[in-house]
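# An overview of the molecular structure
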Amino acid sequence: KDVPTLDDNEFEQITTLLSAADQELPEYREAFNIPDGDVTVDELLRPVFDVYEKMTGVRTSNTSEIMHHRMSLYGPPCSSCGKLLRTPQAAKCLMCGKAKE
């Protein structure tokens, strides 16, 4: 599955929103008298998913997809297929097998 990759600035915006959601959870539960475990993930993380969609044009409800697709974790695009190399130190592309130039 192709998942958009965030640059470091975009990634920082997302992590700030995730942190805010985590900090707001106790206040949210108290304000609406909601027991632990009764707040849906979609409610709490809606701002994260909305901003991600504005950045990438792709809607997701999976924070793991967002958090694991940070451009600085990967290498440059492959000169043959254009996919990002798995790591900055990668010797070849895992998608097409071409050696890094």
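Applying the stated criterion across every chain yields a total of 4 salt bridges. Its salt-bridge partner being Asp 8, residue Arg 70 comes within 3.2 Å of it at the nearest N-O pair. With Arg 70 in the segment after helix H3 (63-67) and Asp 8 in helix H1 (residues 8-31), this pair connects stretches of sequence that are 62 residues apart. Judged by its relative accessible area of 27%, Arg 70 falls in the partly exposed class. Exposure remark for Asp 8: the relative accessible area of 40% places this residue in the partly exposed category. As a salt-bridge pair, Asp 50 and Arg 59 come within 2.6 Å of each other at their nearest N and O atoms. You can call Arg 59 partly exposed: its relative accessible area is 42%. When salt bridges that share partners are traced, they join Asp 50, Glu 53 and Arg 59 into one network.

Before going further, it helps to examine the nonpolar core. If you look at the biggest cluster of nonpolar residues, it comprises 11 residues: Val 3, Leu 6, Phe 11, Ile 14, Leu 18, Ala 21, Leu 45, Val 48, Phe 49, Tyr 52 and Ile 66. Elements with a minimum of two residues in this core: H1 and helix H2 (41-56). Other than its neighbours up to four places away in sequence, Phe 11 contacts Leu 6, Ile 66, Met 67 and Arg 70.

On the secondary structure map, Ala 99 appears in the segment after H3. Separated by 19 residues in the primary sequence, Ala 99 and Ser 80 place their C-alpha atoms 9.3 Å from one another. If we skip the residues at most four places from it in the chain, Ala 99 touches Ala 91 and Lys 92.

About the cut-offs
- Residues numbered from 1 in each chain as written.
- Predicted model: local features only at pLDDT ≥ 70, side-chain atom pairs only at ≥ 80, totals over all residues.
- Heavy atoms only, no water.
- Salt bridge = Lys/Arg side-chain N within 4 Å of Asp/Glu carboxyl O.
- Helix = DSSP H or I, 4+ residues; strand = E, 2+ residues; numbered from the N terminus.
- Buried < 20%, exposed > 50% of the residue type's maximum accessible area, 1.4 Å probe, protein only.
- Core = buried A, V, L, I, M, F, W, Y, C linked by side-chain atoms within 4.5 Å.
- Contact = heavy atoms within 4.5 Å.

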